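# Residue-level structure breakdown
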Amino acid sequence: MVVYLSANKNDISSIIGGIAPNWGPFAGLGAEARTMVEVVMAVSILGCLAIAIWGAAKQRIGATALRDTFSAEQGKGLIIAGLTGVFIIGSLETLFTIVYGMAI
């Protein structure tokens, strides 16, 4: 039995293909507009991940170093908000396909 430890030799589109707006109402847009929407979605995902990381740091620092329960609870809220944003942006393809399909 052979085990491959390296990734497939595909291009970057296999990684970011999920947020590429080539579905639903975005299919009729031009290439430049689709690229702009893709960039906005990617930046939004990075922003949400940054909020989640900031929340994790705030929770850790607030819970241990400062012994501040309010800061720890605020950090938990930031983690939940950041990860929820990533999930929503990542599932936009499904949401738009359902809504757009129901409208047609």
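Position labels on residues start from 1 in each chain and follow its written sequence. Since the coordinates come from a predicted model, pLDDT governs what is reported: local features require at least 70, and pairs of side-chain atoms require 80 or more to be given and counted, while whole-chain, interface and lining totals use all residues. Side-chain measures were taken over the full set of non-hydrogen atoms in the model, leaving aside hydrogen atoms and water.

## Let's talk about the overall build of the chain
Keep this limit in mind: Note on conventions: DSSP H or I runs of at least 4 residues are helices, E runs of at least 2 residues are strands, and numbering of each starts at the N terminus. Each residue is placed in one exposure class: buried if its accessible area under a 1.4 Å probe, protein chains only, is under 20% of its type's maximum, exposed if it is over 50%, and partly exposed if it falls in between. The contact rule is simple, with two residues in contact once any of their heavy atoms fall within 4.5 Å. Areas reported here follow the Shrake-Rupley algorithm with a probe of radius 1.4 Å; residue values treat only the protein chains shown as occluding.
Helices and strands together make up the secondary structure of the chain, namely 4 helices and 0 strands. In the chain, the succession of helices and strands from N to C terminus is α-α-α-α. Burial statistics for the chain: of 104 residues in total, 19% are counted as buried. Contacts in the chain between residues at least 24 apart in sequence constitute 48% of all its contacts with a sequence separation of at least 6. With an accessible surface of roughly 7700 Å², the chain has 69% of that area assigned to carbon and sulfur atoms.

## Structural notes on the environment of Thr84
Tracing the chain through its elements places Thr84 in helix α3 (residues 69-90). The class of Thr84 is partly exposed, set by a relative accessible area of 38%. Residues Thr84 and Leu49 lie 35 residues apart in sequence; the distance between their C-alpha atoms is 9.7 Å.

## As for α3
Here is the rule we go by: By this rule the span expected of a helix is its residue count minus one, scaled by 1.5 Å. This arc is taken over the directions from the axis of the helix to the C-beta atoms.
Here α3 is 22 residues long and its end C-alpha atoms lie 32 Å apart, about the 32 Å a rise of 1.5 Å per residue gives. Within α3, burial applies to Ser71, Ala72, Gly75, Leu78, Ile79, Gly82, Gly85 and Ile89. Around the axis of α3, the buried residues are gathered within 145° of arc, so they sit on the same side. Opposite its buried face, α3 presents the exposed residues Thr69, Phe70, Ile80 and Phe87, each directed more than 90 degrees away.

## A few points about the pattern of salt bridges
Stated precisely, the cut-off is as follows: Counted as salt bridges are all cases of a side-chain nitrogen of Lys or Arg within 4 Å of a carboxyl oxygen of Asp or Glu.
Going through the model one piece at a time under the given rule, you end up with 1 salt bridge. Residue Glu73 is joined to Lys76 by a salt bridge in which the shortest nitrogen-to-oxygen separation is 3.4 Å. One end of the pair, Glu73, and the other, Lys76, are both in helix α3, 3 residues apart, so they sit about a helical turn from each other. Taking relative accessible area as the criterion, Glu73 reaches 48% and is therefore assigned partly exposed.

## A closer look at the environment of Met41
The topology assignment puts Met41 in helix α2 (residues 31-65). Each C-alpha atom of the pair Met41 and Gly90 lies 8.7 Å from the other, and the pair is 49 residues apart in sequence.

## Some points on the confidence of the model for the chain
Note the threshold: Each residue gets a pLDDT score, which is the predictor's confidence in that residue and runs from 0 to 100.
In the predicted model, the chain carries a mean pLDDT of 77, and 71% of its residues have values of at least 70. Across the chain, α3 holds the top mean pLDDT of 88, while helix α1 (residues 13-16) sits lowest at 54.

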